[in-house]
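The primary structure of each chain is shown beneath.
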Amino acid sequence: MGRPAKGARLYLRDGRIDPKSGRVVAAVYFIRDGQKNISTGCGPERLEDAQIALAEYVTARKAASRATDRAQHPEEVLVDEVVALYAREKAPKVADPGSASARLTAILDWWGGKTLGEIRRSSCQAYVAHRSSQPIKTFKDPSRARLVTPAGARRELEDLSAAVTYWAAEYPLTRKPEFTYPAAILGSRDALSRNQVAALLRAARGWRLVNGRWRETAMSTRSNRAHLVRFVLMGIYTGTRPGVLPKLRWTPSDDCAWVDLDKGWIYRRGRKEADHPTKRRPMCRIPKRLLRHMHRWRRQDDALNLQRAKAGLPSIETVLHHGGRAIRGRIRKGFHGIVADAGLPDAVTPHWQRHTAATWLMEADVPLRRAAQYLGMTPRTLEKVYGHHRPDYQSDVSAAFERSGRRAA
């Protein structure tokens, strides 16, 4: 029995010198489909464009062929094709497209050239072992970069599984590959105390804890950290996910989170943005203490915009900005700096602000459903993860033993 066809896939044809003309021919990605070799016109630096070209080719080929009437065997479908389709149509619509794109790139680095039929327990375990030996690419200094965790590799496999499901909805498979994941590790659900939050804010305002005493930092450090004061206060008071806060705008927006100071609301998604079932972003009322800060920040930004207008510079539109420029991506490096200067553990990340907000709401005995709605969680998740912080947690059990003890005495 012959080997099953691999289907259309990408390969990089190395650069060479044309023997007839003597000219240098640059390296370029080709689509290989059986005996066909079709140039994408994309060089090594344009892998994503080549993947899009592959997805378009596969879509057109299958639409014109009656072969789409039958279910495909996983051995006939390349992972490259599946990921290319997902990256083009689905990934741009997820909650964090940038992170999704990075995960899909990591997937193709290892799974590229393989078929869906090669997805099995052993290959999934080999992938996790491979990824756990690699440094995280976002670190500027690779020598100091942490290694990818099994949890990170698990998240990438979940993306690959989602891509397979998305493919199968359009091009049915005779069977869906079964994925094997490393054991899920629950992240920290620790919360900051009020003294720790105060220390974090003091560090954001330009102070550093040295040998138990606070010392003022240089003016440049204080200027660079001005946006972190806003970031911490909004994160603690609203529990909004740290990926949403940098996008927050002062004026109504169709595609970004925005603030209505007159009514006292934060809209965590744009007016035309769809909500995500696993990362819900409901509107939330701004607590009065935070609202006073935000009114002051808005006055500061309005005054700065007048100066920028005179200098011919664009106005500031986002609540968080660095030197008048909107913040791209997530806030990590600066936050790590104030954590260190505040004398807090290295494990504290921006997401701790959300844990802190949830914990404080539970400790204040806010009704479960209202707290869940405010944070954008389900009541079940809030109770499961943070319910032990409620003042009446298991109080009925304790009271039952008290009554039992009196009768026994």
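Residues numbered from 1 in each chain as written. Predicted model: local features only at pLDDT ≥ 70, side-chain atom pairs only at ≥ 80, totals over all residues. Heavy atoms only, no water.

(A) Structural view of the overall build of the chain. On a plain count of helices and strands, the chain comes out with 14 helices and 12 strands. By residue count, 39% of the 409 residues in the chain fall in the buried class. In the chain, once contacts between residues fewer than 6 apart in sequence are set aside, the share between residues at least 24 apart is 55%. Here the chain has roughly 24100 Å² of accessible surface; of this, 51% comes from carbon and sulfur atoms. (Helix = DSSP H or I, 4+ residues; strand = E, 2+ residues; numbered from the N terminus. Buried < 20%, exposed > 50% of the residue type's maximum accessible area, 1.4 Å probe, protein only. Contact = heavy atoms within 4.5 Å. Areas by Shrake-Rupley, 256 points an atom, 1.4 Å probe, with all protein chains shown as cover.)

(B) Spatial organisation of the nonpolar core. Counting residues in each nonpolar core, the largest one holds 52 residues, and the members touching the most others are Met234, Met294, Phe335 and Leu382. Considering each element in turn, this core owes the most residues, seven residues, to helix α8 (residues 226-238). Met294 has contacts with Met234, Trp250, Val259, Leu261 and Ile286, leaving out every residue within four places of it along the chain. Core analysis: the next-biggest nonpolar cluster, separate from the first, contains 37 residues, Tyr86, Leu108, Val164 and Phe179 among them. (Core = buried A, V, L, I, M, F, W, Y, C linked by side-chain atoms within 4.5 Å.)

(C) Structural view of the pairing of strand β4 (residues 28-33). Burial of β4 is extensive: five of the six residues sit out of reach of the surface. Judged from the five bridges that link them, strand β1 (residues 9-13) and β4 form a sheet pairing that is antiparallel. Of the residues in β4, the one forming a bridge with Tyr11 is Phe30. Sheet topology places β4 next to strand β5 (residues 36-39); four bridges connect them, and they run antiparallel. (Pairing = 2+ DSSP bridges.)

(D) Just unusual backbone geometry, in detail. The residue Asn211 is not glycine, and still its phi comes out positive at about 50 degrees. Tracing the chain through its elements places Asn211 in the loop between β6 (207-210) and β7 (213-216). Given the relative accessible area of 78%, Asn211 is considered exposed. For Asp365, which is not a glycine, the phi torsion comes out positive at approximately 65 degrees. By secondary structure assignment, the location of Asp365 is in the loop between α11 (352-363) and α12 (368-375).

(E) Quick look at the pattern of salt bridges. Taken as a whole and judged by the stated rule, the model has 17 salt bridges. Glu156 is the partner of Arg131 in a salt bridge, and the nearest nitrogen-oxygen pair spans 2.8 Å. Residue Arg131 is found in helix α4 (residues 121-131), and its partner Glu156 is found in helix α5 (residues 150-170); the two are separated by 25 residues along the sequence. Residues Arg131 and Glu156 agree in their burial class; the two are buried. Each of Arg103, Arg155 and Asp159 takes part in one network of salt bridges that share partners. (Salt bridge = Lys/Arg side-chain N within 4 Å of Asp/Glu carboxyl O.)

(F) Quick look at the pairing of β7. Inspection of the sheet shows β6 paired to β7 by four bridges, in the antiparallel sense. Counted as the bridge partner of Trp207 is Glu216 from β7.

(G) Summary view of the sheet that holds β1. The three strands lie next to each other as β1-β4-β5, forming an open sheet whose pairing is antiparallel. Of all strands in the sheet, those bounded by a partner on one side alone are β1 and β5. Shown here is a sheet whose adjacent strand axes are inclined to one another by a mean of 35 degrees, direction ignored. (Axes fitted to C-alpha atoms, helices over the stretch in contact; angles between N-to-C directions.)

(H) Inspection of the side chain of Arg225 at higher detail. Assignment of secondary structure puts Arg225 in the loop between α7 (219-224) and α8. In this structure Arg225 comes out as buried when scored by relative accessible area, which is 11%. Within polar-contact distance, the side chain of Arg225 engages the backbone oxygen of Ala203 at 3.1 Å. (Polar contact = N/O pair within 3.5 Å; in protein donor to acceptor, adjacent residues only side chain to side chain.)

(I) Local environment of the packing of aromatic side chains. By the definition in use, this model includes nine aromatic pairs. Ring centres of Trp167 and Tyr171 lie 4.6 Å apart, and the angle between their planes is 50 degrees; on these two criteria the pair is classed as tilted. You'll find Trp167 and Tyr171 in the same group, each marked buried. Aromatic rings pair up to connect Trp110, Trp111 and Tyr127 into one cluster. (Phe/Tyr/Trp six-rings, centres within 6.5 Å; stacked < 30°, edge-to-face > 60°.)

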